[in-house]
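Architecture at a glance
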Amino acid sequence: MTERPAQRVPNRQLAALIAEAGFSNAGLARRVDQLGLEHGLDLRYDKTSVTRWLRGQQPRGTTPALIAEVFTRRLGRRLSAQDLGLDACAPVYAGLEFAATPEEAVDIASGLWRKDSGSHAELRKIAFTPAGLVVPSRDWLIGRADERVGRGADPAAAAAAAAAAARVPVQGRGSVPRQRQIDRGPGQRVTSGDIAALRSVSELFRTLDHTYGGGHARQALVRYLEHEAEPMLRGTYGETTGRRLFAAAADLTRLAGWTSYDIAAHGLAQRYFVQALRLAQAAGDRPYGSYVLVTMSRQAVYLGHGREAVQLARVAQQGVGSGPPPVVQALLHSAEARGHAVLGEVRAATASLVRAERALGAARAGDDVPHWARLFDEGQLADEFGHCHRDLQQYRASAQHAERSLQLRAPGFARSRLFCRVVLATARLGLGELDQACALGAEAAQQAMEMRSVRAVEYVRDFERRLEPYRDASAVRTYRDRVAALS
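This report concerns the structure included in the present document. The structure presented is a predicted model; accordingly, all values stated were derived computationally and were not measured. One numbering rule holds for all chains: residues counted from 1, following each sequence as written. In view of the model being predicted, local features appear only for residues whose pLDDT reaches at least 70, and side-chain atom pairs are presented and counted only at 80 or more, with totals across whole chains, interfaces and linings using the full set of residues. The basis for the side-chain values is all heavy atoms of the structure; hydrogens and waters are excluded.

This next bit is on the packing of aromatic side chains. For Phe, Tyr and Trp, rings pair up if their centres lie within 6.5 Å, where Trp contributes its six-membered ring, and each pair is then called stacked (planes under 30 degrees apart), edge-to-face (over 60) or tilted (otherwise). One pass over the full model with this rule turns up nine aromatic pairs. Relative to Tyr261, the ring of Trp258 lies with its centre 5.1 Å away and its plane at 75°, an arrangement referred to as edge-to-face. A residue pair is termed a helical-turn pair when its members lie 3 or 4 positions apart in one helix, as Trp258 and Tyr261 do in helix H12 (residues 239–262) at three residues. The pair Trp258 / Tyr261 is uniform in exposure class, with both members buried. Joined through ring pairs, the aromatic side chains of Trp258, Tyr261 and Tyr302 make up one cluster. Geometrically, a lysine NZ or arginine CZ counts as sitting over a ring once it is within 6 Å of the ring centre and also within 35 degrees of the ring normal. One Lys or Arg, Arg409, reaches over the ring of Phe413 and ends 4.8 Å from the middle of that ring. For helices the rule is a DSSP run of H or I covering at least 4 residues; for strands it is a run of E covering at least 2, with both sets numbered from the N terminus onward. Burial here depends on accessible area, computed with a 1.4 Å probe over protein chains only, as a share of the maximum for the residue type. Under 20% is buried, over 50% is exposed, and the range in between is partly exposed.

With that out of the way, let us pick up the packing of helix H17 (residues 346–361) against helix H18 (residues 378–391). Here an axis means a line fitted to C-alpha atoms, over the contact stretch when the element is a helix, while the angle between two N-to-C directions is reported on a 0 to 180 degree scale. The interhelical angle for the contact between H17 and H18, taken along N-to-C directions, is 170°, at an axis separation of 11 Å. Taken as axis vectors, H17 and H18 run roughly antiparallel relative to one another. Contacts between H17 and H18 pair Leu353, Ala356, Glu357 and Leu360 from the former with Glu378, Leu381, Phe385, Cys388 and His389 from the latter. Residues that form the contact of H17 with H18 fall into these classes: six nonpolar, one polar and two charged. By definition in this entry, angles of less than 35 degrees are roughly parallel, angles greater than 145 are roughly antiparallel, angles of 65 to 115 are roughly perpendicular, and the rest are oblique. The contact rule is simple, with two residues in contact once any of their heavy atoms fall within 4.5 Å. Just so you know the grouping, Ala, Val, Leu, Ile, Met, Phe, Trp, Tyr, Cys and Pro go in nonpolar, Asp, Glu, Lys and Arg go in charged, and all remaining residues, Gly too, go in polar.

Turning next to the pattern of salt bridges. Each reported salt bridge corresponds to a side-chain nitrogen of Lys or Arg within 4 Å of a carboxyl oxygen of Asp or Glu. Applying the stated rule across the entire model yields 29 salt bridges. Here the residues in one salt-bridge network are Asp107, Arg114, Glu230 and Arg234, joined through shared partners.

A separate point is empty space enclosed by the protein. Over the atoms a probe the size of a water molecule is rolled, and this reveals where empty space is left. Put plainly, a pocket is an open set of points on a 1 Å grid over the protein atoms alone with protein on both sides within 12 Å along at least five of seven lines, a cavity is a set where a 1.4 Å probe fits but cannot get out, and a lining residue has an atom within 4 Å of a point. Grid points are joined across faces, edges and corners, and a volume is the space filled by probe spheres set on the points. Following the criterion strictly, the structure yields one cavity of 30 Å³ or more and no others. In this model, the largest cavity occupies a volume close to 40 Å³. Taken together, Phe205, Leu208, Asp209, Gly213, Gly214, Ala217, Arg218 and Thr259 form the lining of the largest cavity. Sort the elements by how many residues they give to the lining of the largest cavity and helix H10 (residues 192–212) lands first, with three residues. Broken down by class, the residue content of the lining of the largest cavity amounts to three nonpolar, three polar and two charged.

A few words on the side chain of Asp146. Along the chain, Asp146 turns up in the loop between helix H8 (134–142) and helix H9 (155–166). A relative accessible area of 11% means that Asp146 is categorised as buried. We define a polar contact as two N or O atoms separated by no more than 3.5 Å, with the added condition that, inside protein, one atom must be a possible hydrogen donor and the other a possible acceptor, whereas residues neighbouring each other in sequence contribute only through side-chain atom pairs. At 2.9 Å, the side chain of Asp146 forms a polar contact with the side chain of Arg278.

If you add up the space inside the largest pocket, you get close to 1000 Å³. Forming the walls of the largest pocket are 42 residues, and the residues nearest its centre are Trp258, Arg298, Gln380, Phe419 and Arg455. Put simply, the parts of the chain that give the lining of the largest pocket at least two residues each are H10, H12, helix H14 (286–302), helix H16 (326–342), H18, helix H20 (414–430) and helix H22 (454–467). Among the residues forming the lining of the largest pocket, the class breakdown is 16 nonpolar, nine polar and 17 charged.

Assignment of secondary structure puts Pro411 in the loop between helix H19 (395–408) and H20. According to the relative accessible area criterion, Pro411 is exposed, its value standing at 69%. Sequence spacing of Pro411 and Thr211 is 200 residues, and the spatial spacing of their C-alpha atoms is 8.6 Å.

Have a look at this one:
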């Protein structure tokens, strides 16, 4: 690893903490390397590296945050890179942390929003790590509710809020220097109208995502979070308003993660999901936290991490118990089924699907259903069945459920319908119905070209890989000609 030139001043803060923790230089290096592996990093530090840090050299990149996390785990209290006399880490690492306080959650989330301004190619380089799912989901499950989220309720708190908003850089693990002064100014009171606006904007971006893909307006969403949501979170509000504000911010942050996931920026999406989970905890909204975990589970399924997907879905179920409305329970069980199906676990997947079907069947029109669960209906459940049976190579059942889903889902859910059409095409191919499979696949390919969705393109490519054994068939040649004409 390349280090910065040595400073003349020894790092006494780091030396004191090494002594307190009882680490040898080699022991600290080994723990940093191990933590790096959890996050997909091959660091290879040794005792000589630690000696250089003690002499004043600054490790680059994410390493300061990793070192701080090693000491946090060892000493049982939250420590930042600055506490160790090290430079702050880049927020793309910090986004994997489950913040200790609502204030720290705002620092980390806003750091992500400000950092998220690169090209899609650069964003896709941020690594996704399955190991990075474990700690946040555990901390959410066993963590205590935040006792207080309100800001500025008294003069001392208002002064603290003003200082927090104005200081440069913003303190807190994973933060970065502020690039500008917040336009709204510290201490401005957040109103119900502000929160209603956040909710309306969330619905707008959600509709755009469903129809045109995550890449269509993703950057506009992130800039909205930076320029509108962050000043509100750093403003003045009481407890009730604060909980509602954190809930709205969690929803927008999850959506930013979802759109990142759709353009295959999987590491960035993972970080957004972790921060949405923490913001949901600050909101005191346990059911929404379970929804974020389901979202994380779906990403794990897409990336082929079935075991992690199952674990996330089960943590979501444990976290809300038996209290949620039947629709929410159906959503949670269907997410678990998808994980089992990716693993080829027929009995477990079938059992989860049965639980999901029973739960949805118990739903009633008068149920108090959260806004994020209202879209989970018979059409969506049929889609889940279709995907599961496809992964289990039960193609006849997959085709039946995919056809039902396409009949029930509204045209506005264009991307979901595209996915389902590819599932149906795959099922038809598995049943030996090559002509129908190719016709469906060509329809999906045309739709994918009209969207800004890497996932849509990948669904079509997966179908095309399945066509390879039949590449000399007339139907396949016709399919390739139709797709070539589209470009």
